[in-house]
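A structural walkthrough
Single-letter residue listing:
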Amino acid sequence: MGAKKLHHILFVINPISGGIDKETVISEIETFCAAEGILLSFFDTTGENDLENLKEALRQKDYNAVVAVGGDGTVHLVGNALIHSETPMGIIPMGSGNGLSKDVGIPQDLPGALGVLVNYTIRPIDTLAVNNYISVHITDLGFNALVVKLFSEASTRGPGTYAFVAMQQYLSYECREYKIETDNGTFSGPAFMVTITNANAFGSNATINPTGIIDDGKFEICLIEPFPKTAALGLLYRLYHESIGASDYTHIISCREATIYNPNQEVGHIDGEPIDLGERVIIKILPKSLRLLLPKQIPDSSEND
Ligand SMILES: Nc1ncnc2c1ncn2[C@@H]1O[C@H](COP(=O)(O)OP(=O)(O)OP(=O)(O)O)[C@@H](O)[C@H]1O
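In this report, we go over the structure that sits alongside the text.

Reading the values: rules and limits
- Residues numbered from 1 in each chain as written.
- Predicted model: local features only at pLDDT ≥ 70, side-chain atom pairs only at ≥ 80, totals over all residues.
- Helix = DSSP H or I, 4+ residues; strand = E, 2+ residues; numbered from the N terminus.
- Rg over C-alpha atoms; globule rule 2.2 N^0.38 Å.
- Buried ≥ 20, exposed ≤ 12 C-beta atoms within 10 Å, placed from the backbone.
- Contact = placed C-beta atoms within 7 Å.
- Core = buried A, V, L, I, M, F, W, Y, C linked by C-beta atoms within 7 Å.
- Domains from an automatic or database assignment.
- Axes fitted to C-alpha atoms, helices over the stretch in contact; angles between N-to-C directions.
- Parallel < 35°, antiparallel > 145°, perpendicular 65-115°, else oblique.
- Left-handed = near helix turned anticlockwise from the far one by under 90°.
- Nonpolar A, V, L, I, M, F, W, Y, C, P; charged D, E, K, R; others polar.
- Near = placed C-beta within 6 Å.
- Pairing = 2+ DSSP bridges.

**Quick look at the overall build of the protein chain**
From N to C terminus, the protein chain includes 8 helices and 16 strands. Taken over C-alpha atoms, the radius of gyration comes to 19 Å for the protein chain, in line with the 19 Å a tight globule of 305 residues would show. By the burial criterion, 42% of the 305 residues in the protein chain qualify as buried. Within the protein chain, contacts between residues at least 6 apart in sequence are counted, and of these 73% link residues at least 24 apart.

This is the structure in structure tokens:
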């Protein structure tokens, strides 16, 4: 049986994401929707009060789907607006990294991503409550979060800038102390980075959580412990060959809830947005709390409308 038609879609456009001009993208979306007989509306992000404004727009009108046209920050915004609702989220990847869309198999090209809107399956995924925030993909404390923060303040974007900032910080980075309590184990000691996710990989394709399943009711805390400089290349190799879990310097805890004590108030990020998470970070899984529009051929436990 075919998927039920999405009659009216709201496209949330981030005009600056990925450094991509959205004019052509918008006109391709318009052409596609006209050809498919889909009514469309747009919501442009401004970078100010976007979540409140988007929630208000969703209160004003019912849409069959809301599609994030941007990077992970835009996906985070739309995901937060739709959490626990019946309305599914689509993604047209237009950021620098596009982590969640890659993790769930959404085509990275515009025609492919648009095609999902007419040939879809709906898969409810787990998300995470992190203190007062919702994380739809990856939250970090430590080295990577520091790089994300400095990258967000840099005057240029793109993978080159990210790599440059990472290399600069790596040479002087001092691991911080953490204490972690979960329903499935504890950890205490220094760590280079602490990644909290139920997905698999960063937008850079570095697989930090190779065995994570996005809808199994659990999330993972992936720790990279202090390592000698001579081990750095090996760790990098493992990140890009889905074998980080086998490293002597990693520790992965799979759990449903956790408290991370972060006495140095090391910087964090949620879905690529730098954030101060304070000295105590409380994390809980929110099972099947966000419905995603995915390409129909992916075999999973999904449902068709
Ligand atoms: N009109 C705007 N002007 C300036 N900043 C904006 C505007 N709209 C959204 N933003 C900011 O854009 C950021 C989100 O960008 P997004 O993550 O989608 O793209 P990206 O950073 O290029 O991609 P990725 O996260 O995949 O690397 C948020 O910090 C948000 O506040």
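The rest of the description comes next.
**What to know about the environment of Val 194**
Among the structural elements, Val 194 can be located in strand β10 (residues 193-197). In this structure, the C-alpha to C-alpha distance between Val 194 and Ile 252, residues 58 residues apart in sequence, is 9.6 Å. Residues within four places of Val 194 in sequence aside, it is in contact with Asp 140, Leu 141, Gly 142, Tyr 178, Ile 221, Leu 223 and Ile 260.

**Brief notes about the nonpolar core**
Counting 75 residues, the largest nonpolar core has Val 12, Val 66, Val 67, Val 78, Met 89, Ile 91 and Val 194 as its most contacted members. A domain-level breakdown of this core finds at least three residues from each of domain 1 (8-118) and domain 2 (133-287). Ignoring any residue separated from it by four or fewer positions in sequence, one finds Val 78 in contact with Val 12, Val 66, Ala 68 and Met 89.

**Brief notes about the packing of helix α2 (residues 50-60) against helix α3 (residues 72-82)**
Following both chains from N to C, one finds α2 and α3 inclined at 45°, their axes separated by 9 Å at the closest point. Comparing the axis directions of α2 and α3 gives the class oblique. In this structure, α2 crosses over α3, and the sense of that crossing is right-handed. When α2 is examined against α3, the residues Asp 50, Leu 51, Leu 54, Lys 55 and Leu 58 are found in contact with a partner set consisting of Leu 77, Asn 80 and Ala 81. In terms of residue class, the contact of α2 with α3 is made up of 5 nonpolar, 1 polar and 2 charged.

**Some details on the site of the ligand**
The environment of the ligand is formed by 20 residues, the closest being Ser 17, Gly 47, Gly 71, Gly 73 and Gly 95. With 3 residues, the top contributor of residues to the shell around the ligand is α3. Of the residues that constitute the shell around the ligand, the class distribution is 2 nonpolar, 16 polar and 2 charged. Two domains each provide a minimum of three residues to the shell around the ligand, namely domain 1 (8-118) and domain 2 (133-287).

**Some remarks on the pairing of strand β13 (residues 257-261)**
Burial along β13 is one-sided: the residues Ala 258 and Ile 260 are buried and none of Glu 257, Thr 259 and Tyr 261 is. One ladder, built from 4 bridges, connects strand β8 (residues 176-182) with β13; its direction is antiparallel. Within β13, the position partnered with Ile 180 by the bridge is Ile 260. Two strands pair when backbone bridges link them, and β13 and strand β16 (residues 280-295) are joined in this way by 5 bridges, in the antiparallel orientation. Of the residues in β16, the one forming a bridge with Ala 258 is Ile 283.

**Examining the environment of Gln 265**
Along the polypeptide, Gln 265 turns up in the loop between β13 and β14 (268-270). The class for Gln 265 is partly exposed, based on 13 C-beta atoms found within 10 Å. Separated by 15 residues in the primary sequence, Gln 265 and Arg 280 have C-alpha atoms spaced 8.4 Å apart. Every residue in contact with Gln 265, bar those within four places of it in the chain, is listed here: Gly 278 and Glu 279.

**With respect to the sheet that holds strand β12 (residues 250-255)**
Strand order across the open sheet formed by 6 strands is β12-β11-β10-β7-β14-β15, with antiparallel pairing between neighbours. Unpaired on one side and paired on the other, β12 and β15 (273-275) mark the two borders of the sheet. Each strand axis lies, on average, 20° off the axis of its neighbour in the sheet, ignoring direction. Bridge count for strand β11 (residues 219-224) against β12 is 6 bridges, and the pairing is antiparallel. Across the sheet, Ile 221 pairs through a bridge with Ile 253, a residue of β12. Where helix α6 (residues 143-153) meets the sheet, it contacts β7 (138-142), β10, β14 and β15, and its direction lies at approximately 100° from that of β7.

**Focus on the packing of α6 against helix α7 (residues 159-172)**
The N-to-C vectors of α6 and α7 enclose an angle of 130°; their axes lie 9 Å apart at closest approach. Judged on the interaxial angle alone, α7 and α6 are oblique. For the pair α6 and α7, the crossing hand works out as right-handed. Two secondary-structure elements touch here, α6 through Phe 143, Leu 146, Val 147, Leu 150 and Phe 151 and α7 through Thr 161, Tyr 162, Val 165, Ala 166 and Gln 169.

By themselves, these observations are geometric and do not establish any function.
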